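# Coordinate inspection notes
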Amino acid sequence: MHIEEHKSLRDYNTFNIQATARYFCSIGSIQDLKLALQSNIHPDIFILGGGSNMLLTKNIEALVLHINLKGIKIISEDKNSVVLNVMAGENWHEFVQYCINNDYGGVENLSLIPGNVGTAPIQNIGAYGVELKDVFLDCNTLSIENQFEKKFTKEECNFAYRNSIFKDQIKGKYIITSVNFKLTKSDHKKIIDYGSIKDELKKINSHSPSIKEISEAVIRIRESKLPNPKKIGNSGSFFKNPTINNIQFEKFNKKFPKAPFYKLSEFEFKIPAGWLIEKSGFKGQRFGDTGVHKNQALVLVNYGNASGKEILELAEKIQTKVKKDFNILIEPEVNIV
């Protein structure tokens, strides 16, 4: 276990924001994690995964623990399914590709989502009709306070849209060390009715696509819409799609009859935040080194040396304008530090 001081975090967040950690330690084993938590080098602990769902607005005056736990192993399997234990530091997309290469189905629609496996349950990542909770079995954690190990079942995680118990009730109390997934080996449940996927599969005349073809379609879609964080700093979708009740929806739909929406129930409707932001005039706009991506209004970007505060100011400006134009509040999906 090696602890560094005043460590730059620029290479550890996909927004490419310059900020420093007072103390920094890369964690490669559970034992190292326990020792670091017991070190008492600083009263505050900050857990860092892939840095893909985070906006740093200041230096981190804490002991930053970069979770770099690696490994994938089969826990159990039969002819129809397999249970995998995946360590928290594994890159999410590389894990998805591992599943595709082994013909394990369930995560193909989640291809190319940035970040690590350990942070995926925190916000219940999702895309193109699939959410992490659909393949999640349980996860192993370590208590920050006393280093006790605890397993959380799917029910205990309280998964919701881009939310979980780790983002809400017990935020900052446990570190996810590994996740157990249950995936299919045969009769894969393929979700291909999502508009963009359906259109992409039509291009290759695939009426009964393999999970590999679905993954490749998702990758093409995401690459056409989302900037590569290695080229332009960003954190993917910055805002969550807002949900409004039926009374709000009736007023909204009457005023904006051509606006897209998704009916969740008789009483709830989801409105695409990207559409709201675009109609408020922000898509493709640049403000110094910050801006809204030209191909996807949900994505805020760092064109070079923008600070986290400048990106946050832009986000708040967008929230204010959308609220004024549509009387709908859009909330950040990313964790603002």
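Preceding this paragraph is the structure being described.
Residues numbered from 1 in each chain as written. Predicted model: local features only at pLDDT ≥ 70, side-chain atom pairs only at ≥ 80, totals over all residues. Heavy atoms only, no water.

This next bit is on the packing of aromatic side chains. In total, this model carries 19 aromatic pairs according to the counting rule given. For the pair phenylalanine 152 and tyrosine 174, a centre-to-centre distance of 5.2 Å together with 80 degrees between the ring planes defines the contact as edge-to-face. Here the residue phenylalanine 152 occupies a position in strand E11 (residues 149–153), and tyrosine 174 occupies one in strand E12 (residues 174–184), the gap between them amounting to 22 residues. On the accessibility criterion, phenylalanine 152 (5% relative accessible area) is buried. Ring geometry for phenylalanine 238 and phenylalanine 239: centres 5.1 Å apart, planes at 65 degrees, overall edge-to-face. Overall, the relative accessible area of 0% leaves phenylalanine 238 in the buried class. Judged by its relative accessible area of 1%, phenylalanine 239 is buried. (Phe/Tyr/Trp six-rings, centres within 6.5 Å; stacked < 30°, edge-to-face > 60°. Helix = DSSP H or I, 4+ residues; strand = E, 2+ residues; numbered from the N terminus. Buried < 20%, exposed > 50% of the residue type's maximum accessible area, 1.4 Å probe, protein only.)

Now for a nonpolar patch on the surface. Together, Tyr194, Tyr262 and Leu264 line one region of the surface with nonpolar side chains, adding up to about 280 Å² of accessible area. On the secondary structure map, tyrosine 262 appears in strand E15 (residues 262–263). (Patch = residues over 30% accessible without salt bridge, like charges linked within 9 Å, V, L, I, M, F, W, Y side chains within 5 Å. Areas by Shrake-Rupley, 256 points an atom, 1.4 Å probe, with all protein chains shown as cover. Salt bridge = Lys/Arg side-chain N within 4 Å of Asp/Glu carboxyl O.)

One finds Phe238, Phe239, Phe252, Leu276, Ile277, Leu300 and Ile318 to be the most contacted residues of the largest nonpolar core, which totals 42 residues. Elements supplying a minimum of two residues to this core: strand E2 (20–27), strand E3 (45–48), strand E4 (54–55), strand E5 (60–67), helix H5 (246–255), helix H6 (273–279) and helix H7 (308–326). When residues of this core are assigned to their parent elements, the largest contribution, six residues, is made by H7. When near neighbours in sequence (up to four residues on either side) are disregarded, leucine 300 contacts Phe15, Gly233, Asn234, Ser235, Phe238, Phe239, Gly291, Val292, Ile311, Leu314, Ala315 and Ile318. (Core = buried A, V, L, I, M, F, W, Y, C linked by side-chain atoms within 4.5 Å. Contact = heavy atoms within 4.5 Å.)

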